[in-house]
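Commentary on secondary and tertiary structure
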Amino acid sequence: MSNESDQPEWLRRARQLWIAAGTPAGLDEAWSPKWIKRFLNYLEKRNGGRLPSALPSYAVARSFERFLRENWKVEDWQVEQAGKAVDWLLDAAGSHGGEVGPAEILARAPVEVPASQLASLEQVERYFVEEGGMERVVRVVARRKGRALSTEKGYAMWVGRLRRWWGKQALGAVCLESREQAGEELERGIAGFLDGLAVVEDVAQATQNQALNALIFAYRACLGMEPGALPDYRASKRGRVLPVVLSRDEMARFMACVEPKARALVKLMYGSGLRVSEALRLRVKDLDFAYGVVVVRDGKGRKDRRTPLPEGLVEPLKEHLRSVRAFFDKDRAAGVDGVYMPNRLDRKYPNASKEWPWQYVFPTERLQKDPRSDAVRRHHWNDRFAQRAVKDAARAAGIHKHVTPHVMRHSFATHLLEDGYDIRTVQELLGHASVETTMIYLHVMNRPGMHVKSPLGDL
């Protein structure tokens, strides 16, 4: 490597940060600067040495990795090594609002880069004291890794709750003598917080697990380390909760009371067994009228699946799409930004966001600003609209059960089992990873021949 005095300022600064941090986990002190230099050469040839503002950081890093595999033919372990170094650099840039170059990236390092990569561990203390400090870092890292917006918000919510709990416990500042000791402090804090969720708040096991996953992600984001075994904490043990299901008579009364605007959406959730998020995110191309199926893209667990499209909904949905087409034509004439494209598909299909098949089936009447960019585009309906419509319909129908949009999915599964469909088929339609999850509907279905007469009789 060239003499340090001959190195660019950004490279000298990077090496100083690595050395001061004791070489962050996963980074090779000798090779990381070389990979970063090659990455900047790669940018120089493609974008004048600037990070493109239209791309999230993780997409830029992955494109560089593909370039290495396809053009340099380097080994997989070298690609992984290069990817870690570039990820570090892009974490330093954080959520760049515009195009930035290497000098600006490294200048931002003390603000945005995770604590393991800072010149001092004092930043770790700021995460627990500064309002929104931990949340900001977690959201930056989650966005770079391509996590869903709802996941990003969930992580930030749990991290904020941990930080506020930490302050109430008067635990003091995190030990700053070493990253290892800071990690131990954080592990004890996470365990204490999870214990409080179970003992004080009596949350469900799924809620506690959700918090654990979010806080482990924050641990890695803030310290750049793999957490060890957490200290013992009380695990939530709430008994099995049976799903709420509407009988067929109740469903008929309920559907008659759903407001006209939401009727197609609610009928689709029941008739196809969709989660509310899956129904709202449907694109025009996902409704296959010829084969009578709904294609669910990127569902829970990032899996695709197919489920029946009710025959009685074909004409209402076609009529609905004809009215939606008016919004689309108006947007194209006005030059409005195209619809949001998941998984950076706008890079693969640059014009798809402004094409009809990719538009939402249930678009909003008003344009909205994209929460992850400055684009103003037409989003899909908010899930609160579906919740309100379902609640109002249940009240109007005189149904005294706790009816939510998810009850439509519960009722879909239960009614199919009552009609004699095998549980494996229902599992596939629901997209459950395990048949045990689907089996809970066996406990609420009205199974023929299983009616038990109470011994109370006429007493």
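Residues numbered from 1 in each chain as written. Predicted model: local features only at pLDDT ≥ 70, side-chain atom pairs only at ≥ 80, totals over all residues. Heavy atoms only, no water.

A few points about the overall build of the protein
Tallying secondary structure elements over the protein gives 20 helices and five strands in all. Taking contacts inside the protein between residues at least 6 apart in sequence as the whole, the part at least 24 apart equals 63%. For the protein, the computed accessible surface area is about 24200 Å², with 50% contributed by carbon and sulfur atoms. (Helix = DSSP H or I, 4+ residues; strand = E, 2+ residues; numbered from the N terminus. Contact = heavy atoms within 4.5 Å. Areas by Shrake-Rupley, 256 points an atom, 1.4 Å probe, with all protein chains shown as cover.)

Examining helix H13 (residues 260-272)
Taking 1.5 Å per residue as the helical rise, H13 with its 13 residues ought to reach 18 Å, and the 19 Å between its terminal C-alpha atoms agrees with that figure. For H13, every residue scored as buried is listed here: Ala262, Ala264, Leu265, Val266, Leu268, Met269 and Ser272. Downstream of H13 by one or two residues, Gly273 has phi in the positive range, about 70°. (Expected span 1.5 Å × (residues − 1). Buried < 20%, exposed > 50% of the residue type's maximum accessible area, 1.4 Å probe, protein only.)

Some details on the nonpolar core
Grouped together as the largest cluster of nonpolar side chains are 41 residues, with contacts concentrated most on Leu246, Phe254, Leu265, Val266, Leu268, Val403 and Met408. Elements with a minimum of two residues in this core: helix H12 (248-257), H13, helix H14 (276-280), strand S2 (293-296), helix H15 (314-334), helix H17 (383-396) and helix H18 (405-418). Counting 26 residues, the second largest nonpolar core, distinct from the first, contains Met134, Tyr155, Ala211 and Tyr219. (Core = buried A, V, L, I, M, F, W, Y, C linked by side-chain atoms within 4.5 Å.)

Quick notes on the confidence of the model for the protein
For the protein, the average pLDDT comes to 77, and 71% of its residues sit at 70 or higher. Low pLDDT, under 50, characterises residues 19-25; the stretch is placed with 16 contacts to residues that sit more than four places away or in other chains. Here residues 93-121 is modelled with pLDDT under 50, and outside its nearest four sequence neighbours on either side it reaches 92 contacts, counting other chains as well. (pLDDT = per-residue confidence, 0-100.)

Quick notes on the pairing of strand S3 (residues 305-308)
Every second residue of S3 is oriented toward a common face, the buried set being Arg305 and Thr307 and the non-buried set Arg306 and Pro308. As paired strands, S2 and S3 are joined by four bridges and run antiparallel to one another. For Val293, the partnering residue across the bridge sits in S3 and is Pro308. (Pairing = 2+ DSSP bridges.)

Overview of the packing of aromatic side chains
This model, assessed by the stated rule, comprises seven aromatic pairs. Both rings, one in Trp381 and one in Phe385, keep their centres 4.9 Å apart while their planes meet at 70°; by these two values the pair is edge-to-face. This pair shows no difference in class: Trp381 is buried, exactly as Phe385 is. Among the aromatic residues, ring-to-ring pairing joins Trp158, Trp165 and Phe193 into one connected group. Positioned above the aromatic ring of Phe385, the side-chain terminus of Lys261 is 5.1 Å from the ring centre. (Phe/Tyr/Trp six-rings, centres within 6.5 Å; stacked < 30°, edge-to-face > 60°. Lys NZ or Arg CZ within 6 Å of the ring centre and 35° of its normal.)

What about the side chain of Ser236?
When you line up the elements, Ser236 lands in the loop between helix H11 (205-223) and H12. Looking at Ser236, its side chain comes within polar contact range of the main-chain oxygen of Val203, at 3.1 Å. With residues near it in sequence (within four places) discarded, Ser236 still touches Ala198, Val203, Ala204, Gln205 and Gln208. (Polar contact = N/O pair within 3.5 Å; in protein donor to acceptor, adjacent residues only side chain to side chain.)

Topic: the sheet that holds S3
If you trace the three strands from one edge of the open sheet to the other, you get S1-S2-S3, paired in antiparallel fashion. Two strands lie at the open edges of the sheet, namely strand S1 (287-288) and S3, each paired on one side alone.

Description of the environment of Glu226
By the secondary structure assignment, Glu226 is in the loop between H11 and H12. On the basis of relative accessible area, Glu226 is assigned to the exposed category, the value being 58%. For the pair Glu226 and Ile216, spaced ten residues apart in sequence, the C-alpha separation works out to 8.6 Å. What Glu226 contacts, discounting residues up to four positions off in sequence, is Tyr219 and Arg220.

Thoughts on the pattern of salt bridges
A side chain of one charge can pair with a side chain of the opposite charge if their charged atoms are brought near each other. In total, this model carries 18 salt bridges according to the counting rule given. In this structure, Arg395 engages Asp392 in a salt bridge whose closest nitrogen and oxygen atoms are separated by 3.2 Å. In this pair, Arg395 and Asp392 both sit in helix H17, three residues apart, roughly one turn of the helix. Accessibility expressed as a relative area gives 32% for Asp392, which makes it partly exposed. (Salt bridge = Lys/Arg side-chain N within 4 Å of Asp/Glu carboxyl O.)

Some points on the environment of Gly160
With respect to the helices and strands, Gly160 occurs in helix H9 (residues 149-168). In this structure the C-alpha to C-alpha distance between Gly160 and Met134, which are 26 residues apart in sequence, comes to 7.3 Å.

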